Amino acid sequence: MDKNLITGSEALLRTLVAEGVDTVFGYPGGQVIPLYDCLYGYGDRLKHILVRHEQGAVHAAQGYARVSGKTGVVIVTSGPGATNTVTGIADAMMDSTPVVIISGQVPSPLLGSDAFQEIDVIGITQPVTKWAYQVRRPEEVAWAVSRAFYIASTGRPGPVVIDFAKDAQTGFTDYTYEKVDYIRSYRPAPKPDAERIAEAAALINASERPFALVGQGVILAGAESELKAFLEKADIPAATTMLGLSAMPSGYRLNKGLLGMHGNMGPNRKTNDCDVLIAIGMRFDDRVTGNLKEYARQAKVIHFDIDLSEIGKNVPVDVPLAGDVKETLPAVARLLNTAERKVWIDSFGADETEEYEKVIAKEVYPEGSRPLQMGEVVRKVSDAAGGDAVLVTDVGQNQMMAVRYFRHSLTRSVVTSGGLGTMGFGLPAAIGAKEGAPGRTVCLFAGDGGIQMTIQELGSVMQEKLDIKIIVLNNNCLGMVRQWQELFFDKRYSSTTMVNPDFAAIAAAYGIRNRNVSKREDLDAAIAEMFNVTGAYMLVAEVETHGMVYPMVPAGSPIINILTGE
């Protein structure tokens, strides 16, 4: 045999290394054994994290990608191994997270024969990927993998699936790596339009009450400094979507908080009071807009986005600004007049005071004999963690409380499931976040419902000896569904009460230090202990069962129809 020939498995791993991959998340199985056999010799170049479920592998890769800015990588086997990844793939697609999933497949001569653990991976995943491709020959491997990384990481990022037939893994090829950086039919970022840039600047210069809505697109583009320069020059207040939270530090003077259903009162109200609404790398999700017929009807709308399909999709736009915001933001900023808008910015103050008195004081600084509150637990953990920690959440009330009250100073500091709202996301995503940012403190907030959906990933935490701080906000129910039942379904609590296990005992079984807290007077000492321990720690906070997350804009209501519980 020609000594220059290598197997398809070797070609794949060499290409991963050439693409800058250092960590992969996965779970072996029959149709991917040749690839894992080859991986055995790559221990010094590729770290493999053995998850306990393939869904967890994708969520971990998402967490890794979100904090590192790199593309996450997953390796799984065929059949159920591949189908178990679909929820994670859909989550990555909704939240624009770059992930490459490599699934084993039966040998190509058996395709279509209903062979053991054969499934149509391409057919299943095409609707929730940027690209899905089946490799049947070893000669295709280097090209397909490099192409996958280019598509996943450029333009609006997202997941890509490579379905890897077993005979392509074991067959031999003359390996040549050529990095893919151009595809004729693929335009990652539209070219900025100078006329539109001038129109946007003119609108902002003529405005009295401009307001910026900042999304994750700013973070994905690495345009945080460009955003700040843009806002500073024209003195524009801004608020963020949930995924865009860490595009600006929590304490930044122009950062007016969180938009949407459980967002801050000021940003939601000012959306319907501004004269120019500037959307930057966000997609006007229904959780942000509420009733579109009553949304920002008074404002001229400028929309910066790299994805042409998002501009005008939900909200009519006066000035569409397609392109990479790292280019378009400074292009507009150069044409802006230096401005000072103290009166407009100060007008947020009344809303902030009202929200503090009606909501925050009760959630974060409860008095008297009230049970332990989610908000106070989040605030105290945040204070102890410091501003450079990474917040990871699961989905539900725990998520809303965490993103409202956890403070951050660095970008890429919030990892949560946005568009798909995937319960079970948190724990595996925290594993990936710690691998992607090993020098940063990682704090995971999860509810008693979500943590049980992927609780087996404590095995990965144990095996990898990961220093993750896990805070379970246990209210013994599916809190967000229960909240809707209380408000909109006459308190008919159908199937939302949970009889839970002893979470601390489960953590102990995995060798994870733990503590259970139900009394306010014990909370500070428990948090101090958690951060003094080197290694994983689970703090189980027994919080009020009937706690509510306010403010709240009911689904389908105008964004200014805000409930406070008063």
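Residues numbered from 1 in each chain as written. Predicted model: local features only at pLDDT ≥ 70, side-chain atom pairs only at ≥ 80, totals over all residues. Heavy atoms only, no water.

### Describing empty space enclosed by the protein
Put simply, the test is: Residues are called lining when one of their atoms sits within 4 Å of a cavity or pocket point, these points coming from a 1 Å grid over the protein atoms alone, where a cavity is a set in which a 1.4 Å probe fits but cannot get out and a pocket is an open set with protein on both sides within 12 Å along at least five of seven lines. Grid points are joined across faces, edges and corners, and a volume is the space filled by probe spheres set on the points. When residues are grouped by polarity, Ala, Val, Leu, Ile, Met, Phe, Trp, Tyr, Cys and Pro land in nonpolar, Asp, Glu, Lys and Arg in charged, and all others, Gly among them, in polar. Domain delimitation follows an automatic or database domain assignment. By the criteria applied, helices consist of DSSP H or I runs no shorter than four residues and strands consist of E runs no shorter than two, each listed in order from the N terminus.
The final tally for this structure, using the stated rule, is 2 cavities of 30 Å³ or more. Volume-wise, the largest cavity comes out at about 70 Å³. If you go around the largest cavity, the residues you meet are Arg 66, Gln 216, Ile 219, Leu 243, Leu 245, Ser 246, Arg 412, Ser 413 and Val 414. Classifying every residue of the lining of the largest cavity gives 4 nonpolar, 3 polar and 2 charged. Each of two domains, domain 2 (194-348) and domain 3 (371-542), supplies a minimum of three residues to the lining of the largest cavity. Of the voids in this model, the second largest cavity is the one considered here, and its volume is about 30 Å³. Every residue along the wall of the second largest cavity is listed here: Ala 82, Thr 83, Val 86, Ile 119, Val 121, Ile 124 and Thr 125. Only α4 (80-83) and α6 (121-125) provide two or more residues apiece to the lining of the second largest cavity. It is α6 that contributes the most residues to the lining of the second largest cavity, 3 residues altogether. Here the lining of the second largest cavity is built from residues that sort into 5 nonpolar, 2 polar and no charged.

### Focus: the pairing of strand β15 (residues 390-393)
Applicable threshold: For every residue, the accessible area (1.4 Å probe, protein chains only) is compared with the maximum for its type, and the residue is labelled buried under 20%, exposed over 50%, or partly exposed between those bounds. Paired strands, in this sense, are two strands between which DSSP finds at least two bridges. Whether a crossover is right-handed comes down to one check: with the strands pointing away from the viewer, does the path from the first strand over the helix to the second run clockwise; if it does, it is right-handed.
Here β15 shows no split at all, with Val 390 and Val 392 on one side and Leu 391 and Thr 393 on the other all buried. When β15 meets strand β17 (residues 442-447), the two strands line up parallel, connected through 4 bridges. Following the sheet pairing, Val 392 is matched in β17 by Leu 444. This β-α-β element, β15 to helix α18 (residues 397-405) to strand β16 (residues 414-415), shows right-handed connectivity.

### Quick look at the sheet that holds strand β3 (residues 47-50)
Going by this rule: Only the contacting stretch of a helix is used when fitting its axis, a line to C-alpha atoms as for every element, and angles between N-to-C directions run 0 to 180 degrees. It only takes one pair of heavy atoms within 4.5 Å for two residues to be counted as in contact.
Judged by pairing direction, the sheet is parallel, and its 6 strands sit side by side in the order β3-β2-β4-β5-β7-β6 without closing on themselves. At either end of the open sheet lies a strand with only one pairing partner, and these are β3 and β6 (131-135). Direction aside, neighbouring strands of the sheet carry axes that sit 20° apart on average. Here helix α1 (residues 8-18) sits on the sheet in contact with β2 (23-26), β4 (72-76), β5 (99-105) and β7 (159-165), set at roughly 155° to β7. Here helix α7 (residues 141-153) sits on the sheet and contacts β4, β5, β6 and β7; the angle it forms with β6, its principal contact strand, is near 170°.

### So, a nonpolar patch on the surface
How we decide: Surface patches are drawn from residues lacking salt bridges whose relative accessible area is over 30%; two like charges belong together within 9 Å, two nonpolar side chains (Val, Leu, Ile, Met, Phe, Trp, Tyr) within 5 Å. The protein chains shown are the only cover counted for residues, whose accessible areas, like all others here, come from Shrake-Rupley with a 1.4 Å probe. For salt bridges, the criterion is a side-chain nitrogen of Lys or Arg within 4 Å of an Asp or Glu carboxyl oxygen.
Side chains of Leu 487, Phe 488 and Phe 489 sit close together on the surface and give an oily, nonpolar patch of about 270 Å² of accessible area. Here Phe 489 is to be found in the loop between α22 (479-488) and α23 (503-509). Classification of Phe 489 as partly exposed rests on a relative accessible area of 49%.

### So, the side chain of Ser 146
For the record, the criterion: Here a polar contact is recorded for every N or O atom pair within 3.5 Å, except that within protein the pair must consist of a potential hydrogen donor and a potential acceptor, and residues adjacent in sequence are included only if both atoms are side-chain atoms.
Within the secondary structure, Ser 146 is located in helix α7. Overall, the relative accessible area of 1% leaves Ser 146 in the buried class. Separated by 2.8 Å, the side chain of Ser 146 and the backbone nitrogen of Val 180 make a polar contact. With residues up to four places along the chain from it excluded, the contact list for Ser 146 reads Thr 15, Glu 19, Tyr 177, Glu 178, Lys 179 and Val 180.

### Structural notes on the environment of Ile 559
Inspection of the secondary structure assignment puts Ile 559 in the segment after β20 (537-542). Remark: the alpha-carbon pair of Ile 559 and Tyr 42, spanning 517 residues in sequence, is separated by 53 Å. Every residue in contact with Ile 559, bar those within four places of it in the chain, is listed here: Gly 260, Asn 268, Asn 272, Val 288, Thr 289, Gly 290, Tyr 295 and Val 553.

### Focus on the packing of aromatic side chains
How two aromatic rings sit relative to each other is given by the distance of their centres and the angle of their planes. The line we're drawing: To pair, rings of Phe, Tyr and Trp, with the six-membered ring standing in for Trp, must have centres within 6.5 Å; the planes then decide the type, stacked if under 30 degrees apart, edge-to-face if over 60, and tilted in the middle. In our convention, an over-ring charge means Lys NZ or Arg CZ found within 6 Å of a ring centre and within 35 degrees of that ring's normal.
Going through the model one piece at a time under the given rule, you end up with 12 aromatic pairs. Each ring, one from Trp 131 and one from Trp 143, has its centre 6.0 Å from the other, and the planes form 90°; the classification is edge-to-face. Within this pair, whereas Trp 131 is found in strand β6, its partner Trp 143 is found in helix α7, the two being separated by 12 residues in sequence. On the basis of an interplanar angle of 55° and a centroid distance of 5.6 Å, the ring pair of Phe 211 and Phe 348 is categorised as tilted. With Phe 211 in strand β9 (residues 210-214) and Phe 348 in helix α16 (residues 348-364), the pair connects residues that are 137 residues apart, well separated along the chain. Across this residue pair, the class does not change: Phe 211 and Phe 348 are buried. Taken together, Trp 131, Tyr 133 and Trp 143 form an aromatic cluster joined through their ring pairs. Over the ring of Trp 131 we find Arg 147, and its NZ or CZ is 5.1 Å from the ring centre. Stacked on the ring of Phe 348, the Lys or Arg Lys 270 has its end atom at 5.6 Å from the ring centre.

### Some words on unusual backbone geometry
Looking along the chain, the bond that leaves Tyr 550 and enters Pro 551 is cis, with omega of -5°. Summarising the element assignment, Pro 551 is placed in the segment after β20. If you check the backbone angles, Gln 117 has positive phi at about 60° while not being a glycine. Locating Gln 117 in the fold gives a position in the loop between β5 and α6.

### Points about the sheet that holds strand β10 (residues 238-240)
Strand order in the open sheet made by the 6 strands is β11-β10-β9-β12-β13-β14, with parallel pairing throughout. The outermost strands of the open sheet, each flanked by one partner alone, are β11 (255-258) and β14 (319-322). Neighbouring strand axes in the sheet, compared pairwise and without regard to direction, differ in orientation by 20° on average. Each of β12 (276-280), β13 (300-305) and β14 touches helix α14 (residues 325-333); the most contacted strand, β13, lies at about 140° to it.

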